[in-house]
Amino acid sequence: MARVPQRAPEVLSFWRAIEALGPPRLPERGAEEHVLDLGPDDVAPWDDADQPSGHFVVYGGLFSSARLEQHLADVFGPDLSYRDVAPSGDTALFAFTLDSSGRLVPGSAALSACAWAVGRTEAPGPNKPNWLDGLESDEQGFALVLDRLASGEAPGQVAGGPAVEAARTFARSQSLVGELQVRALHRFADNLADALGVAGSLRPSGVRVLRHDRPATRGRAPLNSPATPDLRLVARALRSDDIGSALADYLTDSHQIDTGRRVDVRDAASQLLTAVEPKQLSAGRWPSDAGAPLLFGQQLAASQIRRELHRSGGLFTLHAPPDTGRAAVLREVIADVVVERARHLAALSSPEDAFTEIAGRVDLGDGTTTVRKVRPVLAGSEIVLAVSDDAPTQHLTVTADHVLVAELHDTTDFVTRLWVGESSAPDWASAVAGFTSAAYEVTRLTEQRQTVAEAVANLARYRVELDEATREVAEADHECAELDKVTGQQAGPLAQAEARCGELDEQSRVHARRRPLLRGRQQWEQRAGQLDQELTAATEVRDALRRKAERHQARLGHARGERDECESDRVAAEQRLERAGLLIEEAHDAWPGVVPSDLDMTGGEQLCTPWADPEYTAARERLTAEALRLHEAFALNAASRLRANLTVAAHVIEHGLQVAPDVLLAAWQSLFLVVPAVSTTLAAMPALFDGLEREALGWLFVDSAGELTPQQVVGGLWRSRRAVLVGDPRQDEPAPALPGKTVDVLRRCYRVSEQWTARGLSAQRVADRTSRFGTLLTGSDTELWVGTPLRVRHRVEEPLVDLGNRIAYGGDLLVPDVVRLPELACASRWIDVSATESRGNWVPAEGEALDALLRELIEEHKVPAGDIAVTGLFAQVTDGARPIVRQWLGDGSPADGPVDVLVLVLGGDPNSFGGRVWAATTPNPLAVATARATRRLYVIGNWDNWHELPHFAVLADVLDRESPDSLSRR
């Protein structure tokens, strides 16, 4: 377990309050044909004899979002920030599910947390400590009373407040009447409104029914925030220090994060080269990616995920602007997980050894099933892909002919496809042998390429060493030359001293031969003594000069020896550099375009595909295929034990079967042994994985995390040992659940730092703070540290890549790829419409220009209608442009995703600055609006009103400006 960060409990309480006061919207009447609003005297649809089998979700006591926001403004103060559209939609006081016969489905009743909290704003009031305490007990009591009604029991006494009493009154009346009537639902809504104290503030009324053709599934009716159950669960866990490293990192205050360890990927060449070495790559590679190797940034991200999370777990963020290939990174990680688990499978004596002791026995109605625990070494590889909407794999797609990514947002469909061991089992020994052989080959090729990678990594050091050795040789040569010079200077005095000594010695010998016998002896002796003294003195001078010369010669010899050693070192350094260079050159020749070296960090290196030569790629793909084959052989050969676990897993998913924690964990782990990953929505996760404990899941990938509120991912992070959040905070931004003034008051109530209420704060931005590898995005609004970025934008022409860089990413993040696209005659431009009349943010004159532009594009330039999309910054612009768009583009105009030609209609009330200020305050609105354009961008709007605003000035600088009259002349 990790340590609970300071203030984390207060942050969770703050988030719970936001979720309580910001409920999801109900399905609208007219939006779906199965939505009915029922008056008190209407006949209940479940009373229809011709009603097909299915179920009904009943919502009672409807109140509008506008009424809720007005009440919040009355209590917390008005929110003066600009809103593009007024709040719309309804929510309700209560909800529950009825089966096709109108009987209450147990466990489905839900009390509105929003209505309950609104009542508490009146009494005791938000200024009182713990003013939202008691919600959970009232919700549980409310559900318990109605569950007793569903089971036919008397309501009895249940602890709780007035809402529980209102539910008991309703349940008592229905237990007497029996058949559920619409009028009773209206009466219940009225009584509940009075009990909660919201009849005057919210004015709830009415009953809405959503009819489904399928049988009812488990769980409460969708009324409250799906994040609330997990927020409560995690809040309780934090009180026991029951928290994993991923969530602990996520909840850490900004001032406690060590920013000194950050590595900017745009300024760290040596570290990046090391990060993408072959030994850092996954041994496997997803087979469906043939011909599409990972680019440098993608490989860096995949390798860093492996390095940072594989062993210790934790949190990782991936900054993925549009069209930069986020799915490729995910597939690499999944391949790694599959291969690593296959290594453990291959080490088993037999497939059935994957299971150990009995976890429990489960009664499934037609007999008792024994569930066995999964061997711990095989656990921790579970992968969940989660997104915010109902299309879980729209970005994070993993496909292979023989591998299933289970989409658990549709549990019925999943269970019907779940394998339960009916196929004939392949030979286990041959599957192990095939995997082992493939693994050996990948290891061999990895070591071969690692030698080159180490040469690349050492190249700069070798150059420095050669330069240093060359410098040392030059210094040694200089020293030797200086010593030689001194030797020459010493030679003259020494020769003179030697000559003087010789002269005096000869004089002494001659003088000695002339020694007189008697006369002049005294003079002779005096001269002899004088000569002896002179010779002694000369000898001393000569000997001193000799010693000095000898010492100098020794020093010179030593210097020459050191010079020889320096030369030897220089030659060795030169040879090392030459060998490394030759090895790298040979690698470049053998594997062109895949050997990363000499990164200049200007962006060009991003187009390199590190170590993705055909031989190595094929070997890694074969290893993954063999790993999948080994999983298949395991599943079919271990069917006698695996089948029981999977059967329980199917009942948990499909029918909401309640089992013991050990049984539940074993069932889920068994499911992940036969499917590499499952995908679901964040809204479905709390119910789907209910009962799993801290870090029960191995991996959580959250897509589009920039559009998620921070609290939406808390439960998933708590249940996961490793988490990767993918998104782009410059493109995505969560919709505010509550007015800013209300959020600010709640923040102060819970004594939470302002860092948790920053504008545009998302799950991605919270997680990005903790990312070690990343980069700093600069802009006119603020500096923003983002996690490891993907930098190559595919299939997008200039100047659109430059435009996106300057608007959202500080000028130089994205790099265009080199794919050549067919010619497109029409050029991007800004059509300047100067108009003073508008209907709110919709300017009719801009609509006329739009009409003329679409005619030009389609009729004159022959651009297919399906390659064109029209977008706007404001909802009123979208509504105003809709008839024109439908006329030229039809109903098939793409609502999202990349398009060749994008038309941005600016709009904006000419007499009001609010909308323009909102659009220009952060890069997000303009970045989102323009990101879809891949080849041409047209802007229609008043140049004078927009061209000097932050971010929009980039448009004015990049696009040529034209008059609408130019359209009519074309």
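The structure presented is a predicted model; accordingly, all values stated were derived computationally and were not measured.

The rules behind these values
Residues numbered from 1 in each chain as written. Predicted model: local features only at pLDDT ≥ 70, side-chain atom pairs only at ≥ 80, totals over all residues. Heavy atoms only, no water. 1 Å grid on protein atoms, 1.4 Å probe; cavity = no way out; pocket = protein on both sides within 12 Å on 5 of 7 lines; lining within 4 Å. Points joined across faces, edges and corners; volume = space filled by probe spheres on them. Helix = DSSP H or I, 4+ residues; strand = E, 2+ residues; numbered from the N terminus. Nonpolar A, V, L, I, M, F, W, Y, C, P; charged D, E, K, R; others polar. Core = buried A, V, L, I, M, F, W, Y, C linked by side-chain atoms within 4.5 Å. Buried < 20%, exposed > 50% of the residue type's maximum accessible area, 1.4 Å probe, protein only. Contact = heavy atoms within 4.5 Å. Salt bridge = Lys/Arg side-chain N within 4 Å of Asp/Glu carboxyl O. Phe/Tyr/Trp six-rings, centres within 6.5 Å; stacked < 30°, edge-to-face > 60°. Axes fitted to C-alpha atoms, helices over the stretch in contact; angles between N-to-C directions. Parallel < 35°, antiparallel > 145°, perpendicular 65-115°, else oblique. Left-handed = near helix turned anticlockwise from the far one by under 90°. Polar contact = N/O pair within 3.5 Å; in protein donor to acceptor, adjacent residues only side chain to side chain. Arc of directions from axis to C-beta. Pairing = 2+ DSSP bridges. Right-handed = clockwise from strand over helix to strand, strands pointing away.

S.K.: Explain empty space enclosed by the protein here, please?
M.R.: To find leftover empty space, a probe the size of one water molecule is rolled over the atoms. For the structure shown, the criterion picks out 6 cavities of 30 Å³ or more. Estimated volume of the largest cavity: approximately 100 Å³. If you go around the largest cavity, you meet 14 residues; those closest to its centre are Gln731, Arg793, Gly804, Thr930 and Ala931. For the lining of the largest cavity, the leading source of residues is helix α22 (residues 800-808), giving 5 residues. The class makeup of the residues in the lining of the largest cavity is 10 nonpolar, 3 polar and 1 charged.

S.K.: Could you clarify how one ought to interpret the nonpolar core in this entry?
M.R.: One broad trend across soluble globular proteins is that nonpolar side chains are buried collectively. Core analysis: the largest hydrophobic core is formed by 191 residues, its most contacted members being Trp15, Phe96, Leu192, Tyr250, Trp668 and Leu725. It is helix α13 (residues 428-513) that contributes the most residues to this core, 15 residues altogether. Among residues more than four places away in sequence, those in contact with Leu725 are Tyr250, Leu315, Phe316, Thr317, Leu318, Val702, Ala705, Leu717, Ala763, Gln764 and Ala767. If you look at the next biggest cluster of nonpolar residues, it comprises 64 residues, including Val801, Val903, Ala929 and Leu967.

S.K.: When you look at the pattern of salt bridges in this model, what are you seeing that I'm missing?
M.R.: Close approach of charged atoms allows side chains with opposite charge to pair. For the structure on display, the rule yields 52 salt bridges. Salt-bridge contacts for Arg542 lead to Asp543; the nearest nitrogen and oxygen are separated by 3.0 Å. The class for Asp543 is partly exposed, based on a relative accessible area of 25%. With a closest N to O distance of 2.7 Å, Asp957 and Arg806 form a salt bridge. Of the two residues, Asp957 sits in helix α28 (residues 952-958) while Arg806 sits in helix α22, which places them 151 residues apart along the sequence. Accessibility expressed as a relative area gives 51% for Asp957, which makes it exposed. Three or more residues are tied together by salt bridges with common partners; here these are Glu441, Arg444, Arg449, Asp613 and Glu615.

S.K.: Would you mind showing me how to read the packing of aromatic side chains here?
M.R.: For any pair of aromatic rings, the description rests on two quantities: the centre-to-centre distance and the angle between the ring planes. For the coordinates displayed, the defined rule picks out 14 aromatic pairs. Each ring, one from Trp946 and one from Phe952, has its centre 4.7 Å from the other, and the planes form 50 degrees; the classification is tilted. Under the relative-accessibility criterion, Trp946 is labelled buried at 1%. Residue classification places Phe952 among the buried positions, given a relative accessible area of 0%. Joined through ring pairs, the aromatic side chains of Phe94, Phe96, Phe142, Phe170 and Phe188 make up one cluster.

S.K.: For this particular structure, what's the right way to read the packing of helix α11 (residues 326-346) against helix α15 (residues 614-637)?
M.R.: Between two packed helices, the angle of one axis relative to the other and the distance separating the axes together describe the packing. Axis separation between α11 and α15 bottoms out at 9 Å; the angle between their running directions is 55 degrees. Here α11 lies oblique to α15, going by the angle between them. Two packed elements cross with a definite hand, and for α11 against α15 that hand is left-handed. Across the interface between the two elements, Glu332, Ala335, Val338, Val339, Arg341, Ala342, Leu345 and Ala346 of α11 pack against Arg620, Leu623, Thr624, Ala627, Leu628, Leu630, His631 and Phe634 of α15. Class assignment for the residues of the contact of α11 with α15 results in 11 nonpolar, 2 polar and 3 charged.

S.K.: When you look at the environment of Glu860 in this model, what are you seeing that I'm missing?
M.R.: Note that Glu860 resides in helix α23 (residues 844-860). C-alpha separation for the pair Glu860 and Cys826, spaced 34 residues apart in sequence, amounts to 9.4 Å. Of the polar contacts made by the side chain of Glu860, one reaches the side chain of Arg855; its length is 3.3 Å.

S.K.: How should I be thinking about helix α25 (residues 914-921) in this particular structure?
M.R.: Working note: α-helix, 3.6 residues per turn, so residues spaced by three or four point in the same direction. Those residues of α25 lying buried are Gly915, Arg916, Ala919 and Ala920. The buried side chains of α25 occupy one side of the element, clustering within an arc of 120 degrees when seen end-on. Close packing links the buried residues of α25 with α26 (924-930), α27 (943-946) and α28.

S.K.: What exactly am I supposed to notice about the sheet that holds strand β3 (residues 90-99) here?
M.R.: Each strand in a sheet pairs with its neighbour through backbone hydrogen bonds, running either in the same direction (parallel) or in the opposite one (antiparallel). Spatially, the 5 strands line up as an open sheet ordered β1-β5-β2-β3-β4, and their pairing is antiparallel. Edge positions in the open sheet fall to β1 (35-38) and β4 (110-111), since each of these has one partner strand only. Packed on one face of the sheet, helix α2 (residues 65-76) meets β2 (55-64) and β3 and runs near 45 degrees to β2.

S.K.: Just checking my understanding: could you explain the pairing of strand β13 (residues 697-702) for this structure?
M.R.: Looking down a regular strand, the side chains alternate between one sheet face and the other. Across the 6 residues that make up β13, a large majority, 6, are buried. Bridging between strand β10 (residues 383-387) and β13 involves 4 bridges; their strand directions are parallel. Residue pairing for β13: Val384 is matched across the bridge by Leu700. Relative to strand β14 (residues 720-727), β13 runs parallel, the two sharing 5 bridges. Each residue of the ladder has a partner; that of Val702, found in β14, is Leu725. Chirality of the crossover, the property in question, places the unit of β13, helix α19 (residues 714-719) and β14 among those that are right-handed.

S.K.: Just checking my understanding: could you explain the layout of surface pockets for this structure?
M.R.: The volume enclosed by the second largest pocket comes to roughly 580 Å³. If you trace the second largest pocket, you find 25 residues lining it, with Ser13, Asn130, Leu132, Asp133 and Tyr750 closest to the centre. Elements with a contribution of two residues or more to the lining of the second largest pocket: α1 (8-21), α4 (135-151) and α7 (228-239). For the lining of the second largest pocket, the residue count by class is 11 nonpolar, 5 polar and 9 charged.

S.K.: Explain the packing of helix α10 (residues 296-309) against α11 to me, please; I cannot follow it from the model alone.
M.R.: Relative to each other, α10 and α11 sit at 40 degrees, their axes nearing to 9 Å. Once α10 is placed against α11, the crossing between them reads as right-handed. On α11, the residues that touch Gln298, Gln299, Ala301, Ala302, Ile305 and Arg306 of α10 are Ala328, Val329, Glu332, Val333, Asp336 and Glu340. Looking at the contact of α10 with α11 residue by residue, the classes come out as 6 nonpolar, 2 polar and 4 charged.

S.K.: I keep staring at the sheet that holds strand β19 (residues 829-832) and nothing clicks. Help me out?
M.R.: Sheet architecture is open: 5 strands sit in the order β20-β21-β22-β19-β23, paired in parallel fashion. At either end of the open sheet lies a strand with only one pairing partner, and these are β20 (868-872) and β23 (960-962). Neighbour-to-neighbour, the strand axes of this sheet turn through a mean angle of 25 degrees, independent of strand direction.

S.K.: Explain the side chain of Glu626 here, please?
M.R.: Looking at the element boundaries, Glu626 is found in helix α15. Note on Glu626: relative accessible area 15%, which makes it buried. Setting aside residues no more than four positions away along its own chain, Glu626 makes contact with Ala431, Gly434, Phe435 and Ala438.

S.K.: Sorry, what's going on with unusual backbone geometry here?
M.R.: A negative phi angle characterises most non-glycine residues, just as the trans form characterises most peptide bonds. Note that the residue after Ala123, namely Pro124, is joined by a cis bond; omega there is 10 degrees. Take Pro124: it is sitting in the loop between α3 (113-122) and α4. Positive phi is not limited to glycine here, since Trp611 has a value of about 60 degrees. Looking at the secondary structure, you find Trp611 in the loop between α14 (521-590) and α15. Residue Trp611 is classed as buried on the basis of its relative accessible area, which comes to 2%. Positive phi outside glycine occurs at His951, with the angle close to 75 degrees.

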